[in-house]
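# Structural features, examined
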Amino acid sequence: MRIQSFTVAGFANFLRPISLSSLDDINVIYGANNAGKTNLLRAIELYFRLLGAGEVVTRSQFQTLEDPDPALAALLKTAFHRTEPQPIILTVEWNLAKGDLERHGLFADYPANRIITQLELHRV
């Protein structure tokens, strides 16, 4: 599996959605100071930390992170925009090679060559 695109909205200082697309084996993020490069990388880190949280969540199910590990708690503390808190939405498109799902113990009902995941975080 490989990430094809990553979009984040409502994270830290991002007032508008930010997207990385057409990702390759090696990618470079560059820009002016205070443009949000570090926050974009922190958003990617948050996505992967949430994927590894260890609980299964369905489309209609909400999950509360009541006692996250210290690193995740520190990341969440700075993730929400300070002056205009809004939900954080992380949308990731994954490309699948033949057999990727099966190697991870997943089986598709229909043939698939991509998966789109979307995580939405709300401050409670």
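Here the structure is shown first, and the text comes after it.
Residues numbered from 1 in each chain as written. Predicted model: local features only at pLDDT ≥ 70, side-chain atom pairs only at ≥ 80, totals over all residues. Heavy atoms only, no water.

With that settled, consider the sheet that holds strand β3 (residues 88–95). With respect to topology, four strands assemble into an open sheet ordered β2-β1-β3-β4, the strand pairing being antiparallel. Of all the strands in the sheet, just β2 (18–21) and β4 (114–121) have a single pairing partner and so form its edges. Going from strand to strand, the sheet's axes swing by 10 degrees on average, the running direction of each strand aside. Here strand β1 (residues 2–9) pairs with β3 via seven bridges, running antiparallel. Looking at β3, one finds that Ser 5 is bridged to Glu 93. (Pairing = 2+ DSSP bridges. Helix = DSSP H or I, 4+ residues; strand = E, 2+ residues; numbered from the N terminus. Axes fitted to C-alpha atoms, helices over the stretch in contact; angles between N-to-C directions.)

Turning to a nonpolar patch on the surface, a few remarks are in order. A grouping of Ile 26, Val 28 and Tyr 30 is seen on the molecular surface, where their side chains present a nonpolar patch of about 450 Å² in accessible area. Checked against the element boundaries, Ile 26 lands in the loop between β2 and α1 (37–51). Judged by relative accessible area, which is 74%, Ile 26 ranks as exposed. (Patch = residues over 30% accessible without salt bridge, like charges linked within 9 Å, V, L, I, M, F, W, Y side chains within 5 Å. Areas by Shrake-Rupley, 256 points an atom, 1.4 Å probe, with all protein chains shown as cover. Salt bridge = Lys/Arg side-chain N within 4 Å of Asp/Glu carboxyl O. Buried < 20%, exposed > 50% of the residue type's maximum accessible area, 1.4 Å probe, protein only.)

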